[in-house]
Amino acid sequence: TWDEFAKAIKNRDKVINIEDNLYSEEYSVPITINYDVTINANGKSLYVNDNIIYLNGSSADLNVTVKDAHIYGASQATFYLGSGDEDGSNVNLTLDNINFTGGTLVMSDNTSSLWHKFNLTFKGKNTVTAGNYNYKDKNKDKIETPSYFPIDDSTNTSTTQLYVDNGVKVADNASLTM
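Owing to the predicted nature of the structure, the values given are computational and were not obtained by experimental measurement. (Residues numbered from 1 in each chain as written. Predicted model: local features only at pLDDT ≥ 70, side-chain atom pairs only at ≥ 80, totals over all residues. Heavy atoms only, no water.)

1. Some thoughts on the overall build of the protein
Spelled out, the test is: Strands are runs of DSSP state E lasting at least two residues, helices are runs of H or I lasting at least four, and both sets are numbered from the N terminus onward. For the exposure calls, accessible area comes from a 1.4 Å probe over protein chains only, and a residue counts as buried if that area is under 20% of its type's maximum, exposed if over 50%, partly exposed in between. Contacts were defined at the residue level, with two residues in contact if any of their heavy atoms lie within 4.5 Å. In this description, accessible areas are obtained by the Shrake-Rupley approach with a 1.4 Å probe, and a residue is regarded as covered only by the protein chains that are shown.
When you go through the protein residue by residue, the secondary structure sums to one helix and 17 strands. Counting across all 178 residues of the protein, residues that qualify as buried make up 47%. Within the protein, residue pairs in contact and separated by at least 24 positions form 75% of the contacts whose partners lie at least 6 positions apart. Carbon and sulfur atoms provide 43% of the accessible area of the protein, an area that totals close to 9,300 Å².

2. Remarks on the sheet that holds strand β10 (residues 106-108)
The following threshold applies: At least two DSSP bridges between two strands are needed for those strands to be called paired. Angles run from 0 to 180 degrees between N-to-C directions of axes, and those axes are lines fitted to C-alpha atoms, restricted for helices to the stretch in contact.
With respect to topology, five strands assemble into an open sheet ordered β3-β6-β8-β10-β15, the strand pairing being parallel. With one partner strand each, in any of the chains shown, β3 (31-33) and β15 (162-163) form the two edges of the open sheet. Of the pairings in the sheet, the one linking β10 to β15 comprises two bridges and is parallel in character. Following the sheet pairing, Val-106 is matched in β15 by Leu-162. In the packing of helix α1 (residues 2-10) onto the sheet, contacts are made with β3 and β6 (53-57), and the angle to β3 comes to roughly 30°.

3. Section: the environment of Ala-8
Its location among the elements puts Ala-8 in helix α1. Beyond its immediate chain neighbours, meaning those up to four positions away, Ala-8 contacts Asp-13, Ile-16 and Tyr-35.

4. Some points on unusual backbone geometry
Backbone geometry at Asn-42 places phi at a positive 55°, although glycine is not the residue there. Within the secondary structure, Asn-42 is located in the loop between β4 (37-40) and β5 (45-49). Positive phi values are uncommon outside glycine, yet Asn-49 reaches one of about 55°.

5. Some points on the nonpolar core
Just so we agree on the cut-off: To define a nonpolar core, start from buried Ala, Val, Leu, Ile, Met, Phe, Trp, Tyr and Cys residues and group those joined through side-chain atoms within 4.5 Å.
Ranked by size, the top nonpolar core spans 36 residues in total, and within it Ile-33, Leu-55, Phe-79, Leu-93 and Leu-95 carry the most contacts. Setting aside residues up to four positions removed in sequence, Phe-79 forms contacts with Ile-53, Leu-55, Val-66, Ile-71, Leu-93, Leu-95, Leu-105, Val-106 and Met-107.

6. Let's talk about the packing of aromatic side chains
As a reminder of what qualifies: Working definition: a ring pair exists when centres of Phe, Tyr or Trp rings (six-membered ring for Trp) sit within 6.5 Å. Plane angles under 30 degrees give stacked, over 60 give edge-to-face, the rest tilted.
With the rule as written, the count across this model stands at nine aromatic pairs. Between Tyr-23 and Tyr-135, the ring centres sit 6.4 Å apart and the planes meet at 20°, which makes this aromatic pair stacked. With Tyr-23 in strand β2 (residues 22-23) and Tyr-135 in strand β13 (residues 133-137), this pair connects stretches of sequence that are 112 residues apart. Overall, the relative accessible area of 35% leaves Tyr-23 in the partly exposed class. On the basis of relative accessibility, which here comes to 8%, the residue Tyr-135 falls in the buried class. Pairing Tyr-72 with Tyr-133 gives two aromatic rings, centres 5.2 Å apart and planes at 45°, and the pair type is tilted. With Tyr-72 in strand β7 (residues 62-73) and Tyr-133 in strand β13, this pair connects stretches of sequence that are 61 residues apart. You'll find Tyr-72 and Tyr-133 in the same group, each marked buried.

7. Comments concerning α1
Worth spelling out the cut-off: As used here, the arc is the angular range of directions from the helix axis to the C-beta atoms.
For α1, the set of buried residues is Trp-2, Phe-5, Ala-8 and Ile-9. Each buried residue of α1 sits inside an arc of 120° when the element is viewed along its axis, so together they form one side. Of the residues in α1, the exposed ones pointing more than 90 degrees away from the buried face are Asp-3, Glu-4, Lys-7 and Lys-10. Check the buried side of α1 and you find it contacts β1 (15-17), β2, β3, β4, β5 and β6.

Put into structure tokens, the structure is as follows:
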């Protein structure tokens, strides 16, 4: 369940293996990751929906990897890369064989990027798609309509799916289709 996933993060498990599809409920407690972790989704779906997974650097570089996942997110940042202060570290997110549908997949804090590097790396085969998605919530069919991070102001209607200050890399022999 989503709660078990959040508990594994809170317990600082270094490797988390997802064994079933995960659904965050509306207004679930946000997840904050501030330690190195690999999340093996094993081909399962992670419905982050309107919630955000925060990656916050501390005194050492933060390295988070998400592998073999179908990710669905409707917020302006499914993954948010940030650092609490000037003493924080660089934040590195690696997405390996993921399919994403929804709003903004990754957004970085554009203020703390003055002191830190926020890096996004794609490995394997990856697809990022803007748009609505369907899922079941408590046995009811739901349609999620995503939000997107606006580049200039709140009237901007762009579909910004990756907003990363220090760069997006596609590793050798990897692909990214948007």
